[in-house]
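# A look at the structure
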Amino acid sequence: MQTLKECRALYQKPREARRRVLLPARMKQGVSWTDVCIRNMSSKGLHLQSSSPPRAGSYVELRRGSHVIVARVIWAKEQEFGAQTQDPLPLDDIIQNRSCAHAKTELGEEADRRSVPRHSTAQAHELSRNLSSAIQYGFLAVVALSLAGAAAAAVRTAFASPLSAIAEKLQALDV
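No experiment lies behind these values; they were computed from the predicted model shown. (Residues numbered from 1 in each chain as written. Predicted model: local features only at pLDDT ≥ 70, side-chain atom pairs only at ≥ 80, totals over all residues. Heavy atoms only, no water.)

## Some words on the pairing of strand β5 (residues 67–77)
Strand direction decides the pairing type here: strand β4 (residues 59–64) and β5, joined by six bridges, are antiparallel. Counted as the bridge partner of Arg-64 is His-67 from β5. Connecting the antiparallel pair β4 and β5 is a turn made up of two residues, with Gly-65 showing a positive phi of about 60°. Where β5 hands over to strand β6 (residues 80–85), the hairpin turn is made up of two residues, of which Glu-78 adopts a positive phi near 50°. (Pairing = 2+ DSSP bridges. Helix = DSSP H or I, 4+ residues; strand = E, 2+ residues; numbered from the N terminus.)

## Here we look at the pairing of strand β2 (residues 32–41)
With nine bridges joining them, strand β1 (residues 19–29) and β2 adopt antiparallel strand pairing. Considered in β2, the bridge of Arg-26 is made with Asp-35. Remark: two residues form the turn of the hairpin made by β1 and β2, two consecutive strands paired antiparallel; Gly-30 in that turn has positive phi of roughly 70°. Inspection of the sheet shows β2 paired to strand β3 (residues 45–49) by four bridges, in the antiparallel sense. Bridge assignment links Cys-37 to a residue of β3, and that residue is Gln-49. Two successive antiparallel strands, β2 and β3, enclose a turn made up of three residues.

The values reported here are purely geometric and, on their own, carry no functional implication.
Rendered as structure tokens:
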């Protein structure tokens, strides 16, 4: 007679080798971000630690450097949880925190927003002032055109009655 453990071993697939690591990462669950620690990883799964682990069945977004990992939480216990990914993970790149921006740009997608240098505060204020000036001038141009159209309609209405009377008199003289 076989034990329960032996029976399970017969029907389960062999477990993929895990790589033990301690890597900091960020996790987005819903609309909030929190810090997590990756404890071990395989090509399709992660063992993570967090102060507030998500529930089993929920989806999370993990970020380590420029790597974005979307995974489904498989199990959660106290401050640890396991997550499974759909696509294989580039383990060495994630562990060494090598950028994957070159892969994105080769595919024609835009690079990670963090790789684009930010403007200084003075430059940001100047850009904001220029944009607000352009919007203000555009608004004033629309108002000026509207007023000009209204004035043209008022002048046409004001002159329509006397000009039609003059036209009638001139027609009466031609007869």
